[in-house]
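So you can see what is in the structure, the chains are spelled out below.
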Amino acid sequence: MSILLMMVPVALALGLTGLGGFIWSLKHRQFEDPEGAALRILTDDDIET
Amino acid sequence: MSHFVRSRAGRDQMDAAVEGIHCAGCLSRIEKGIGALPGVTSARVNFTQKRLSVEWGEGSADPGAVLGKLDQLGYRGHAFAPAAVEADEKARGDMLARSLAVAAFAMMNVLLLSISIWAGGMSDDTRNLFHAISAVIAIPAVAYSGRLYFVSAARVLRHGGLNMDVPISVGVLLATGLSVVETLLHAREVYFDSVLMLLMFLLAGRVLDQAMRRKMRSAAVNLAALRALSAERIEANGEVTTVPVEVLQPGDCVIVRPGNRIPADGVVTLGQSSIDASLVTGETLPQEAAAGTPVYAGTLNGEGQLTLRVRAATGDSLMDEIEKLIAAAETARSGYRHLADRAAALYAPVVHLAALLTGLGWYFLGHMSLHDALVAAISVLIITCPCALALAVPAVQVVASGALFRAGIILRHGDAIERLAAVDMVVFDKTGTLTLPEPQVMPAEIPAGMVQAAAQLALSSHHPLARALARLSVERAPCADAAETVGQGVSGTIDGKRAWLGSPAFCGLATTAPMADDARTSVLAFRWGDETVQIPIRQALRADVPQVVQALRDMGLDLMIVSGDREGPVKAVADILEISDWRAGVRPADKVALLEELAGKGRKVLMVGDGLNDAAALASAQASLSPVSASDITQAVADAIFTGDRLAPVSEALRVSRRGARLIHQNLGLAAVYNAIAVPLAVIGHVSPLMAAIAMSISSILVTVNSLRAKGSLLSAFLPDEKDDTSAHELPLTGLTCC
């Protein structure tokens with residue numbers, strides 16, 4: 001059962017990472033313009049010609 | 001322009017609503033074009049909201065140049081200051097999303113632990129450890145995600161009321177408290193998972209609801225920005241500056257150019273023109289204005305330049321009267337209680353009483369231990385937790401308002417669906433509602449060459465009738481020597497021949513031809529060389545009015561026309577549409593009185609109108625719709641705004657709302673059936689809190705699926721020819737160029 005001492009914290013840490021990631025993206029306005037984000041990948045402004 | 005620029009930490013920032021953004025190409029062209037302007041440090045398009053946000057170092061760029069550049073790129077931008085409400089809603093939306101994320105995270109982790117406990121074969125020590133870990137995860141999560149409900153419940157209870165948040169809070173707090181006690185006592189079962197699942201479902205409903213509201217609000221704000229007025233104010237030093245109408249003060253002098261809207265109530269001090277007041281009074285024929293004439297905000301200036309002195313609210317102007325009427329009507333309407341709240345008021349006492357009786361019954365009569373009796377009572381609370389009820393209404397509102405949005409209808413109030421569904425009578429305004437907002441040239445036997453020549457000359461005039469004619473022009477180059485004689489007409493040289501356009505007398509005609517007898521028709525005379533023709537122009541009905549009227553009749557609705565216009569034009573329209581019930585020359589207060597009289601007879605009236613004179617009537621009706629061409633105040637009080645040149649959105653709104661309301665009732669019915677089965681089981685004590693949580697989740701999912709099921713049918717009902725006409729429905733307006 002000592003495996004639990006490792007696995008439970010690992011599971012929680014993984015979950016917390018996901019939660020943290022979501023809150024980070026919310027804070028950094030990643031959900032402000034979902035339609036625009038879908039279109040921006042179509043332009044290749046970042047490629048030097 | 002500078003009024004829309006906000007300075008913060010050495011940077012200036014401006015937001016603009018942009019018309020005509022359609023694709024990835026538009027997006028990158030605007031960002032590159034604006035970003036290349038000198039001084040601009042950042043230009044970012046929000047495609048979802050059709051807005052542009054530009055930043056530059058303080059004072060290093062000109063906001064006018066930004067809008068000029070946009071214009072040059074082929075897009076029209078309208079600067080605006082985002083309303084404080086929008087920032088509040090965004091903050092609230094983010095808070096809800098965080099609460100939901102925390103609840104979901106905690107629920108999943110606690111459920112992982114719970115599932116291993118249910119799987120069995122676990123030693124008591126491990127189980128107690130798992131319960132303890134669950135408690136550590138769940139308690140902060142419940143406190144964080146549930147605070148919204150606790151705060152709301154506390155506020156309602158303080159005022160002696162009841163809403164859905166009360167049973168939710170009681171259930172959540174009791175179940176959490178009991179679980180903590182059980183954990184400390186090393187009991188076999190705790191209920192953290194049930195509590196968290198409950199919160200997660202409830203929050204999902206709230207997030208949906210909030211997202212819908214934000215989308216509608218941002219569309220409405222964009223529409224307002226596209227229409228926002230600026231005024232040309234004469235400053236003390238004689239300079240003319242452009243300012244937003246909001247900053248105008250009584251006593252200010254403003255210039256109104258030909259063809260512009262009058263920015264504020266005032267009195268003409270200089271100039272002569274004809275005023276198109278159709279948006280304000282419903283009157284179709286232009287009225288003459290000269291020095292001393294009072295003019296109203298929102299009316300359209302004709303061919304002459306006016307200078308006017310802005311008037312203080314005197315308390316007796318048309319505007320004041322209408323605002324008073326609106327305030328009175330809105331107070332009366334706030335008495336309306338939402339279906340969900342009515343259900344809650346009925347539901348909460350019953351649930352609490354049932355739980356209490358269950359606990360007491362088992363303890364005193366069933367001789368259970370205090371602990372077991374408490375568990376039975378909490379089971380009742382959890383199983384009856386109004387998840388399904390809390391989802392039933394928002395889920396349908398989201399689906400229905402989404403369908404309406406695609407049809408070009410922007411809902412301003414979510415509960416409008418309930419009110420629209422109950423409508424049994426439709427009252428139409430005439431001018432701008434049944435008819436198109438602008439007059440149309442009627443087909444007549446005039447050679448095409450004459451019409452084109454007349455249209456070319458009309459380009460040089462701002463008279464409302466001439467503007468209707470000018471829209472027919474193909475050449476698009478006004479003649480060079482055109483000169484406008486205010487109050488009479490415009491003259492110029494076309495193809496070497498002198499031409500006159502205006503009143504019959506101006507063109508040398510002694511009398512008016514018979515066609516002008518029709519009260520709806522005005523006549524423009526046009527003389528080109530020796531030839532003279534008369535061009536009939538009148539308010540034309542929206543193209544699909546007869547079909548929509550028929551569709552409304554088929555839905556079993558009574559129709560009525562109530563207009564501020566004169567009897568002749570109103571009767572003519574009523575005759576064409578075979579609507580026997582019509583009133584003409586009705587003042588705003590009388591419109592309200594009429595609606596109140598109808599309401600007194602038990603009629604549930606949908607008012608459709610666009611004029612300022614309709615605003616009070618819209619506010620006092622059971623439900624109200626307004627076209628996008630309506631005046632600002634009118635749009636602000638209407639439940640929904642529809643775009644495009646068609647009237648079809650009116651029948652569409654009613655159809656979708658009726659279906660939506662049917663769904664809401666179905667959902668409430670589902671929730672009731674579920675409770676009817678589950679509650680007796682819980683009262684008997686056959687349901688553990690875990691089973692209660694699962695049953696409750698299933699009912700929530702059922703309700704959501706039932707609402708989403710309707711999505712397809714709500715959309716598919718559009719007529720095929722309306723589907724083709726997507727440009728008319730597109731928001732906020734169709735574009736100028738694309739790709």
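See the structure above.
Before going into details, it helps to say that this report is about the structure given with it.

What counts as what
- Residues numbered from 1 in each chain as written.
- Chains lettered and ligands numbered in written order.
- Predicted model: local features only at pLDDT ≥ 70, side-chain atom pairs only at ≥ 80, totals over all residues.
- Heavy atoms only, no water.
- Helix = DSSP H or I, 4+ residues; strand = E, 2+ residues; numbered from the N terminus.
- Buried < 20%, exposed > 50% of the residue type's maximum accessible area, 1.4 Å probe, protein only.
- Contact = heavy atoms within 4.5 Å.
- Areas by Shrake-Rupley, 256 points an atom, 1.4 Å probe, with all protein chains shown as cover.
- Buried area = accessible area lost by both parts, 1.4 Å probe.
- Salt bridge = Lys/Arg side-chain N within 4 Å of Asp/Glu carboxyl O.
- Polar contact = N/O pair within 3.5 Å; in protein donor to acceptor, adjacent residues only side chain to side chain.
- Nonpolar A, V, L, I, M, F, W, Y, C, P; charged D, E, K, R; others polar.
- Pairing = 2+ DSSP bridges.
- Phe/Tyr/Trp six-rings, centres within 6.5 Å; stacked < 30°, edge-to-face > 60°.
- Lys NZ or Arg CZ within 6 Å of the ring centre and 35° of its normal.
- Expected span 1.5 Å × (residues − 1).
- Patch = residues over 30% accessible without salt bridge, like charges linked within 9 Å, V, L, I, M, F, W, Y side chains within 5 Å.
- Core = buried A, V, L, I, M, F, W, Y, C linked by side-chain atoms within 4.5 Å.

Focus: the overall build of chain B
Then, in step 1: Helix and strand content of chain B: 24 helices and 27 strands.
Then, in step 2: A total of 739 residues make up chain B; the buried ones form 53% of that total.
Then, in step 3: Once local pairs closer than 6 in sequence are excluded, the contacts in chain B between residues at least 24 apart make up 68%.
Then, in step 4: Entry remark: accessible area of chain B is about 30,700 Å², with carbon and sulfur atoms responsible for 59%.

Some thoughts on the interface of chain A and chain B
Then, in step 1: On the side of chain B, 26 residues touch chain A, which itself brings 22 residues to the contact.
Then, in step 2: Together, the buried faces of chain A and chain B total about 2,000 Å²; carbon and sulfur atoms form 69% of this surface.
Then, in step 3: Here Glu32(A) ties to Lys90(B) by a salt bridge, and the two come within 3.3 Å at their closest N and O atoms.
Then, in step 4: Along the contact surface separating chain A from chain B lie 7 residue pairs in polar contact (both at pLDDT 80 or more).
Then, in step 5: Sorting the residues of the side of chain A that touches chain B by element identifies helix 1 (2–27) and helix 2 (34–40) of chain A as the ones contributing at least two each.
Then, in step 6: With 10 residues, helix 1 of chain A is the largest single contributor of residues to the side of chain A that touches chain B.
Then, in step 7: Along the lines of polarity and charge, the residues of the side of chain A that touches chain B split into 13 nonpolar, 3 polar and 6 charged.

Describing the pairing of strand 8 (residues 253–256) of chain B
One face of the sheet, then the other: side chains in a regular strand alternate in exactly this way.
Residues and elements named next belong to chain B.
Then, in step 1: Burial along strand 8 is two-sided: the face carrying Cys253 and Ile255 and the face carrying Val254 and Val256 are both buried.
Then, in step 2: Both strand 6 (residues 230–234) and strand 8 contribute to a ladder of 3 bridges, which runs antiparallel. If you follow Glu232 over to strand 8, its bridge partner there is Ile255.
Then, in step 3: Inspection of the sheet shows strand 8 paired to strand 14 (residues 306–310) by 4 bridges, in the antiparallel sense. Looking at strand 14, one finds that Cys253 is bridged to Arg309.

Some thoughts on the packing of aromatic side chains
Then, in step 1: Applying the stated criterion to the full structure yields 2 aromatic pairs over all chains.
Then, in step 2: Where Phe22(A) meets Phe31(A), the ring centres are 5.7 Å apart and the plane angle is 45°; that geometry is what we call tilted.
Then, in step 3: Residue Phe22(A) is classed as partly exposed on the basis of its relative accessible area of 27%.
Then, in step 4: The class of Phe31(A) is partly exposed, set by a relative accessible area of 48%.
Then, in step 5: Here the aromatic rings of Tyr363(B) and Phe364(B) are separated by 5.0 Å at their centres, their planes lie at 75°, and the arrangement is edge-to-face.
Then, in step 6: You can call Tyr363(B) partly exposed: its relative accessible area is 36%.
Then, in step 7: When the ring centre of Tyr144(B) is taken as origin, the NZ or CZ atom of Arg147(B), which lies over that ring, is 4.4 Å away.

A closer look at the environment of Val628(B)
Then, in step 1: Inspection of the secondary structure assignment puts Val628(B) in the loop between strand 26 (623–627) and helix 20 (632–637).
Then, in step 2: For the pair Val628(B) and Thr643(B), spaced 15 residues apart in sequence, the C-alpha to C-alpha distance is 5.2 Å.

A look at helix 5 (residues 165–184) of chain B
Then, in step 1: The end-to-end C-alpha distance of helix 5 of chain B, which contains 20 residues, comes to 28 Å, matching closely the 28 Å that a straight helix rising 1.5 Å per residue would cover.
Then, in step 2: Phi turns positive one or two residues past the end of helix 5 of chain B, at His186(B), with a value near 55°.

Regarding the pattern of salt bridges
Then, in step 1: Under the criterion given, the structure shown has 21 salt bridges over all chains.
Then, in step 2: With a shortest N-O distance of 3.5 Å, Asp429(B) and Lys591(B) are connected by a salt bridge. One end of the pair, Asp429(B), is in the loop between strand 16 (425–428) and helix 13 (430–434); the other, Lys591(B), is in helix 18 (residues 588–600), and 162 residues separate them in sequence.
Then, in step 3: According to the relative accessible area criterion, Lys591(B) is buried, its value standing at 1%.
Then, in step 4: Among the ionic contacts, a cluster of salt bridges with common partners joins Arg29(A), Glu32(A), Lys90(B) and Asp94(B).

Some details on a nonpolar patch on the surface
Residue and element names in this part refer to chain B.
Then, in step 1: A contiguous nonpolar surface patch, about 940 Å² in accessible area, is contributed by Leu353, Leu356, Leu357, Leu360, Tyr363, Phe364, Leu365, Leu370 and Leu374.
Then, in step 2: Of all the secondary-structure elements, those providing two or more residues to the nonpolar patch are helix 9 (339–365) and helix 10 (370–383).
Then, in step 3: In terms of residues, the nonpolar patch owes the most to one element, helix 9, which gives 7 residues.
Then, in step 4: Note on placement: Phe364 falls in helix 9.
Then, in step 5: Note on Phe364: relative accessible area 54%, which makes it exposed.

Describing the nonpolar core
Then, in step 1: Judged by nonpolar contacts, the single largest core of 55 residues is most densely connected at Phe130(B), Tyr149(B), Val172(B), Leu196(B) and Ile383(B).
Then, in step 2: Counting residues per element, the ones that place at least two in this core are helix 1 of chain A together with helix 3 (84–119), helix 4 (124–158), helix 5, helix 6 (192–227), helix 9, helix 10 and helix 21 (648–684) of chain B.
Then, in step 3: With 12 residues, the top contributor of residues to this core is helix 3 of chain B.
Then, in step 4: Grouped together as the second largest cluster of nonpolar side chains are 45 residues, Ala219(B), Phe405(B), Leu559(B) and Leu625(B) included.

Things to note about the sheet that holds strand 16 of chain B
Residues and elements named next belong to chain B.
Then, in step 1: Reading across from one edge, 15-27-26-25-16-23-24 is the order of the 7 strands in this open sheet, with mixed pairing throughout. Looking at which strands have only one partner, the edges of the open sheet turn out to be strand 15 (409–411) and strand 24 (582–583).
Then, in step 2: Here strand 15 runs beside strand 27 (residues 640–642); their pairing, made up of 3 bridges, is antiparallel. Following the sheet pairing, Ile410 is matched in strand 27 by Ile641.

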